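Commentary on secondary and tertiary structure
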Amino acid sequence: MKRRVIKHGPSTYTISLPSKWVKQHNIQKGDELDLNMLGPMLQVYTHTVNDGSTYEADISQLSPEMAKRLLGSLHKNGYDTLNLQCTPAQLPHIQKRINTMLLDYEIINIKENKCIIKAISQSTEQSFKPIFRRLFLVTIALAEGVADLTKKQEFEKLADLLSLEETNNKLTNYIHRLITKHYLSQDKLCYVYVISWILESIADEYKEICILLKDEKKSDRSCEVIFEEMQKLIHDLYELFYNFEFPKVEQLLVHTKSIKEHIQMELEQKRKKHEVATLFALNAIQRYVEHSIGSIIAYHN
């Protein structure tokens, strides 16, 4: 649709709001609307859905896995209060999902077959930048931890790194929540979403590696070399995002190609099952890093 711009006085310009949208969101005279300037686009929105909103549902028939996935989606969608009908058997799974993935959610009341969950902190734009940087740093710490412990053959300590993967999940979900709730005024948020999702996916692959090698209690030296190269690669990705330069893009692309060729060469050798699984996980991490480069270029240009 199109709207004609009307000028009032020397410097005031107005356009009318679509009547259907006004009625749908119950906009009244004197109400305040939020504006978000995104280059040539201007977003106009209310917080009637995602700000301070409540979600009510009966989830008692859902499997624990489905209930956990629903909670994650509701958190990302910006709901601040969840009134859920559930069974006593579901409660431990709900609590675990909150503890491991849903930053700022807490169960505040349990009675009979009902669970009430609330967001206990106010999301703000100021919280975004340190959280996004921390997401990068936690992912780097996870990569460095795997490289260090496998080199030292301290496989039993790999389980300790899983807490970093849980932190990665919490930070990623919280960033997606901030985006959904329109708390971020900066443009190019689609690239922020993609990059954060990629960092979460990298952490997921490292989680699988930690579990695999902890159980096997051994790793191949060639894989250990790739672990060291991979943690350098992820650190370089961090440097590219926060100190963007095109020569760094070129260097990163060369590095990703080198690691890819190394992994493919190792996969051509006769290997044990756990070695193949480790190499496939490393190959996935290499692809995630490579795929994130385009989004970082777009974000900075």
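So, here is what we can say about the structure in this document. The residue numbers shown here count from 1 along each chain, following its written sequence. Owing to the predicted nature of the model, reporting of local features is limited to residues with pLDDT of at least 70; listing and counting of side-chain atom pairs is limited to 80 or more, with chain, interface and lining totals taken over all residues. Side-chain numbers here rest on the full set of heavy atoms in the structure, without hydrogens or water.

1. Brief notes about the pairing of strand 7 (residues 105-111)
Note the following rule: A pair of strands is considered paired only if DSSP assigns at least 2 bridges between the two. Each helix corresponds to a stretch of at least 4 residues labelled H or I by DSSP, and each strand to a stretch of at least 2 residues labelled E; elements are numbered beginning at the N terminus.
Both strand 7 and strand 8 (residues 114-119) contribute to a ladder of 6 bridges, which runs antiparallel. Note on strand 8: the bridge partner recorded for Glu106 is Lys118.

2. Structural notes on the nonpolar core
For soluble globular proteins, nonpolar side chains are generally found buried alongside one another. Rule in force here: By nonpolar core is meant a set of buried Ala, Val, Leu, Ile, Met, Phe, Trp, Tyr and Cys residues that side-chain atoms within 4.5 Å join together. Three exposure classes are used, based on accessible area relative to the maximum for each residue type with a 1.4 Å probe and protein chains only: buried under 20%, partly exposed in between, and exposed over 50%. By the convention used here, residues are in contact when the closest approach between their heavy atoms is within 4.5 Å.
In this structure, Tyr206, Ile209, Met230 and Ile234 are the most contacted members of the largest nonpolar core, which totals 54 residues. Those elements giving two or more residues to this core turn out to be helix 4 (128-151), helix 5 (162-180), helix 6 (189-216), helix 7 (221-242), helix 8 (246-267) and helix 9 (273-300). Per element, the largest residue contribution to this core is 12 residues, and it comes from helix 4. Once residues lying within four places of it in the same chain are set aside, the contact partners of Ile234 are Thr139, Ile140, Ala143, Ile202, Tyr206, Ile285 and Val289. Counting residues in each nonpolar core, the second largest holds 18 residues, with Ala67, Leu84, Leu91 and Leu102 among its members.

3. Considerations on the packing of helix 5 against helix 6
Geometrically, a packed helix pair is captured by the angle between its two axes and the distance between the axes. Our working definition: As a rule, the C-alpha atoms of each element are fitted with a line to give its axis, helices using only the stretch in contact, and angles between N-to-C directions run from 0 to 180 degrees. Comment on the angle field: the value is read as roughly parallel under 35 degrees, roughly antiparallel over 145, roughly perpendicular from 65 to 115, and oblique elsewhere. The handedness criterion is simple: a crossing whose near helix is rotated anticlockwise from the far helix by less than a right angle is left-handed, and one whose near helix is rotated clockwise is right-handed. Amino acids outside the nonpolar list (Ala, Val, Leu, Ile, Met, Phe, Trp, Tyr, Cys, Pro) and the charged list (Asp, Glu, Lys, Arg) are all regarded as polar, and Gly is one of them.
Between helix 5 and helix 6, the shortest axis-to-axis distance is 9 Å and the interhelical angle comes to 160 degrees. Accordingly, the angle class assigned to the pair helix 5 and helix 6 is roughly antiparallel. Judged by the sense of rotation from one axis to the other, the crossing of helix 5 with helix 6 is left-handed. Between helix 5, through Leu162, Glu165, Asn168, Asn169, Thr172, Asn173, Ile175, His176 and Ile179, and helix 6, the contact on the second element is made entirely by Leu189, Val192, Tyr193, Ser196, Trp197, Leu199, Glu200, Ala203, Asp204, Lys207, Cys210 and Ile211. Considered class by class, the residues forming the contact of helix 5 with helix 6 number 11 nonpolar, 6 polar and 4 charged.

4. With respect to unusual backbone geometry
Here the phi dihedral of Asp104 falls at roughly 85 degrees; this positive angle occurs in a residue that is not glycine. Looking at where Asp104 falls in the secondary structure, it is placed in the loop between helix 3 (91-101) and strand 7. Notably, Lys217 is not glycine yet its phi reads approximately 60 degrees, a positive angle.

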